[in-house]
Amino acid sequence: MLGTCTVATPATAQKAPAKRTIATTAATGPAVVRGGIPYANRDDAMQFADDVAARRGLDREWVRATIGSARYLSNVPRLMLPAPVGTLKNWRVYRSRFIDPVRIAAGVRFWRAHADALARAEATYGVPPEIVVGIIGVETIYGRDMGRFRVIDALATLSFDFPQGHPRAAERQAFFRGELESFLSTESRTAADPLAPLGSYAGAMGMPQFMPSSIAKYAVDFDGDGRIDLVNSPDDVIGSVANYFKAFHWLPGRPATFPVGFDETRLKKAILLAPDILPTFSADSFSAAGGVLQGDATRYAGLLALIELQNGGDAPTYVAGTENFYAITRYNWSSYYAMSVLELGDEIKAAMR
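Residues numbered from 1 in each chain as written. Predicted model: local features only at pLDDT ≥ 70, side-chain atom pairs only at ≥ 80, totals over all residues. Heavy atoms only, no water.

Let's shift gears to the overall build of the protein. Within the protein, the regular secondary structure consists of 15 helices and 9 strands. Computed over its C-alpha atoms, the radius of gyration of the protein comes to 22 Å, within 12% of the 20 Å expected for a compact globule of 353 residues. A principal-axis box enclosing the C-alpha atoms of the protein has dimensions of 70 × 45 × 35 Å. Buried positions account for 52% of the 353 residues belonging to the protein. Put simply, the protein shows about 16,000 Å² of open surface, and 53% of that area lies on carbon and sulfur atoms. If the 37 positive side-chain charges of the protein are averaged to one point and the 36 negative ones to another, these points end up 2 Å apart. (Helix = DSSP H or I, 4+ residues; strand = E, 2+ residues; numbered from the N terminus. Rg over C-alpha atoms; globule rule 2.2 N^0.38 Å. Buried < 20%, exposed > 50% of the residue type's maximum accessible area, 1.4 Å probe, protein only. Areas by Shrake-Rupley, 256 points an atom, 1.4 Å probe, with all protein chains shown as cover. Lys, Arg positive; Asp, Glu negative; His and termini not counted. Charge placed at Lys NZ, Arg CZ, Asp CG, Glu CD.)

If you want it as structure tokens, here you go:
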């Protein structure tokens, strides 16, 4: 494991303790304080701390000490910038990063070891095992790589030093300030060191890489031990991922994609692509615009989207995405990500046989 991580939280909320103390040095374990100057001397950071303490009813000195101990990570803002204009996306290359023998074998081991929890999650939330296993595999290879950034450093850096060259800088900075506030609120209800949790450069934590607000909203105590632990409890991870998808309207028993072709004589591809990944078309209207469906897809009662996956300079790959495909993109807003989850899950399911 990557060390102590207070992704583990009480299953029921408690009042914040009146007084809290925190370590002002690096957390124990493999985490390393790699950042620069701490935020204790930043007026904007301390004002934010005061505002959070007042809004959430938290101990002011504890919040100031926690944020003040965070350090600026100079490499993190660069990681948030989008690829340069003109960079070609390539589904085949993207897929190869996640669909490989090592990850498939790890997924088979995970599924076999936790088959009961996966079956219980499907019965409870309606989400099939291959989707849950696909998510955890793509995110962290079943806990092998959960991140080595201190969460407090990553969230503070993106809250107070988000790169202004990003096309949606103001929106994204506000998002990370909300995540930092959620993180502080959750940590205040534990006795753990708020400087200890480790995660990604964006502040995502645990096997499923939940952001702090997702932990607060969707994480569940699926093993029934009275606490939520997304680092050490595969049952909690499985239940939490399934609960996330239920919250985003996963439809049990329905596929996520259908194969699609085109009738060039009546194809209106621009119309089909206009809504992007949002399911918009009935099977009839999809076909009327030149999308060719077959078999069960022609009778599908829900809505469809034309999903285009670019392959560099080669012809794109296309599928028809359903509401369930869209639900996967609520975990990560990328059609490439969603297809990787689906294909990894399918490969693992096939290997299980």
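Next comes the rest of the account.
For the rest of this paragraph, the subject is the sheet that holds strand β9 (residues 314-321). Taking strand neighbours across the sheet as the criterion, the 3 strands line up as β5-β9-β8 in an open arrangement whose pairing is antiparallel. Taken across any chain shown, the strands that pair with only one partner, and hence form the sheet edges, are β5 (257-259) and β8 (305-311). Averaged over all pairs of adjacent strands, the angle between their axes in this sheet comes to 40°, without regard to strand direction. Relative to β9, β5 runs antiparallel, the two being bridged by 3 bridges. Within the sheet, the bridge partner assigned to F258 lies in β9 and is A320. Packed on one face of the sheet, helix α15 (residues 335-352) meets β5, β8 and β9 and runs near 90° to β8. (Pairing = 2+ DSSP bridges. Axes fitted to C-alpha atoms, helices over the stretch in contact; angles between N-to-C directions. Contact = heavy atoms within 4.5 Å.)

Now for the pairing of β9. One ladder, built from 6 bridges, connects β8 with β9; its direction is antiparallel. Paired with E308 across the bridge in β9 is Y318. Remark: 2 residues form the turn of the hairpin made by β8 and β9, two consecutive strands paired antiparallel; G312 in that turn has positive phi of roughly 65°.

Scanning the model with the defined rule gives 22 aromatic pairs in all. Here the aromatic rings of F175 and F176 are separated by 5.0 Å at their centres, their planes lie at 75°, and the arrangement is edge-to-face. The exposure class of F175 is partly exposed, given its relative accessible area of 31%. Ring centres 5.8 Å apart and planes at 20° place the aromatic pair F245 and Y331 in the stacked group. Of the two residues, F245 is situated in helix α11 (residues 234-247) and Y331 in the loop between α14 (323-329) and α15; the sequence distance between them amounts to 86 residues. Using a relative accessible area of 13% as the deciding quantity, one classes Y331 as buried. Members of the aromatic cluster, each reached through a chain of ring pairs, are F210, Y218, Y244, F245, F248, W250, Y331 and Y337. Against the face of F222 rests R120, its NZ or CZ located 3.8 Å from the ring centre. A cation over a ring is seen here: R330 above W333, with NZ or CZ 4.5 Å from the ring centre. (Phe/Tyr/Trp six-rings, centres within 6.5 Å; stacked < 30°, edge-to-face > 60°. Lys NZ or Arg CZ within 6 Å of the ring centre and 35° of its normal.)

Time to look at helix α2 (residues 60-69). In an α-helix, one full turn covers 3.6 residues, which means residues spaced three or four apart are oriented alike. What α2 keeps buried is the set W62, V63, T66, I67, G68 and S69. Where α2 is buried, its residues touch α1 (43-56), β2 (149-150), α8 (151-160) and α9 (169-187).

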